[in-house]
Amino acid sequence: MRIAAPLLALPLLVAVPLLAQMPTTAPGAKDAARVTGGTYQADPHHTLVGWRVNHLGFNDYFGIFGDATGTLTIDPKNPAAAKLDVTIPVASVTVASAGLKDHLLRPAAESGAKPDFFGASPAPARFVSTAVVVDDDGDEAKVTGNLTLNGVTRPVTLDVDFTGAGPAPMTNAETIGFEAEATIKRSDFGLGFGVPLVSDEVELEITAAFEKK
């Protein structure tokens, strides 16, 4: 027992120097002057695509996609020329119900038939911007692009808010943050199983961070 106490304290001794390096205030701020031009990479650990559908008219059900990858190229002097190209691994969909995840990724019941939703090995989704319209304040934009999902490509417009910029802790990498919303119809992408009992419209809520490399 006399040996166990020092061993238990070791993680604390390691953590103290790390905590000392952490900033005492949030390093990010909603200040466009902090944004520098260049190409940024999506931070897969802090970028999430949330989705929400209505279930049977009773309540909404939601889930998320994570581990997004991709790039954002931006010039603060010409934000309308920004380019966004992001890929989302559909196979990593996260929901609260194991049974629902199984259904979302279940192969077709019969050979040659289409699965109800994504199937067992779905291709990643991809959004590639085609136009950016920035508001007068410079902190909101409508980003139009092509969304490829389930093998189908359709135009989608994101309502985007700039939420912060600054150096990331530990790495000091320049980081930009955004939030975005959009609404799509899943039947447009060949995912119309259960419509209208489960809503055709899917609300997307996105939070994204990009780091300059």
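Look above for the structure.
Quick notes on the rules
Residues numbered from 1 in each chain as written. Predicted model: local features only at pLDDT ≥ 70, side-chain atom pairs only at ≥ 80, totals over all residues. Heavy atoms only, no water. Helix = DSSP H or I, 4+ residues; strand = E, 2+ residues; numbered from the N terminus. Buried < 20%, exposed > 50% of the residue type's maximum accessible area, 1.4 Å probe, protein only. Areas by Shrake-Rupley, 256 points an atom, 1.4 Å probe, with all protein chains shown as cover. 1 Å grid on protein atoms, 1.4 Å probe; cavity = no way out; pocket = protein on both sides within 12 Å on 5 of 7 lines; lining within 4 Å. Points joined across faces, edges and corners; volume = space filled by probe spheres on them. Nonpolar A, V, L, I, M, F, W, Y, C, P; charged D, E, K, R; others polar. Pairing = 2+ DSSP bridges. Core = buried A, V, L, I, M, F, W, Y, C linked by side-chain atoms within 4.5 Å. Contact = heavy atoms within 4.5 Å. Salt bridge = Lys/Arg side-chain N within 4 Å of Asp/Glu carboxyl O. Polar contact = N/O pair within 3.5 Å; in protein donor to acceptor, adjacent residues only side chain to side chain.

*Asks:* Describe the overall build of the protein, naming the residues involved and giving the relevant values.
*Replies:* Per the secondary structure count, the protein includes 2 helices and 10 strands. Listed by position from the N terminus, the elements making up the protein come as α-β-β-β-β-β-α-β-β-β-β-β. Scored against the burial criterion, the 213 residues of the protein give a buried share of 31%. Surface accessibility of the protein: about 13,000 Å² in total, with carbon and sulfur atoms responsible for 60%.

*Asks:* If you had to explain the layout of surface pockets to someone new, which residues and values would you point to?
*Replies:* Here the second largest pocket is characterised by a volume of approximately 280 Å³. Together, 18 residues line the second largest pocket, and P27, G28, A168, P169 and T175 are the ones closest to its centre. Only β8 (152-167), β9 (174-185) and β10 (201-212) provide two or more residues apiece to the lining of the second largest pocket. Considering every element that reaches the lining of the second largest pocket, the biggest residue donor is β8, with 5 residues. Grouping the constituent residues of the lining of the second largest pocket by class yields 9 nonpolar, 7 polar and 2 charged.

*Asks:* I'd like a description of the pairing of β9, backed by residues and values.
*Replies:* Both β8 and β9 contribute to a ladder of 8 bridges, which runs antiparallel. Bridged to P167 within β9 is E174. Linkage of β8 to β9, two consecutive antiparallel strands, is achieved through a turn of 6 residues, within which M170 is found at a positive phi near 75 degrees. Pairing of β9 with β10 involves 11 bridges; the strand directions are antiparallel. Note on β10: the bridge partner recorded for I176 is F210.

*Asks:* How would you summarise the nonpolar core if you had to cite specific residues and measurements?
*Replies:* W51, F118, L149, L158 and F210 are the most contacted members of the largest nonpolar core, which totals 46 residues. In terms of residue count, β8 provides more of this core than any other element does, 6 residues in total. Residues in contact with F118, not counting those within four places in the same chain, are F65, V90, L104, L105, L149, N150 and L191.

*Asks:* Account for the pattern of salt bridges, with residues named and values stated.
*Replies:* Counted under the stated rule, the structure contains 7 salt bridges. The partner of R52 in a salt bridge is D60, and the shortest N-O contact between them spans 3.7 Å. The salt bridge partner of D159 is K142, with a shortest N-O separation of 2.5 Å. Taken together, the residues span a long stretch of sequence, with D159 in strand β8 and K142 in strand β7 (residues 140-149) at a distance of 17 residues. By relative accessible area, D159 is classed as partly exposed at 37%. Note on K142: relative accessible area 46%, which makes it partly exposed.

*Asks:* Talk me through the environment of Y40; I want residue IDs and the actual numbers.
*Replies:* Along the polypeptide, Y40 turns up in strand β1 (residues 38-42). Under the relative-accessibility criterion, Y40 is labelled buried at 1%. Through-space distance from the C-alpha of Y40 to that of I74 is 8.1 Å; in sequence the pair is 34 residues apart. Residue contacts for Y40: discarding those within four places in its chain leaves V35, G70, T71, L72, I74, E174, I176, F210, E211 and K212. A distance of 2.7 Å separates a polar side-chain atom of Y40 from the backbone oxygen of T36.

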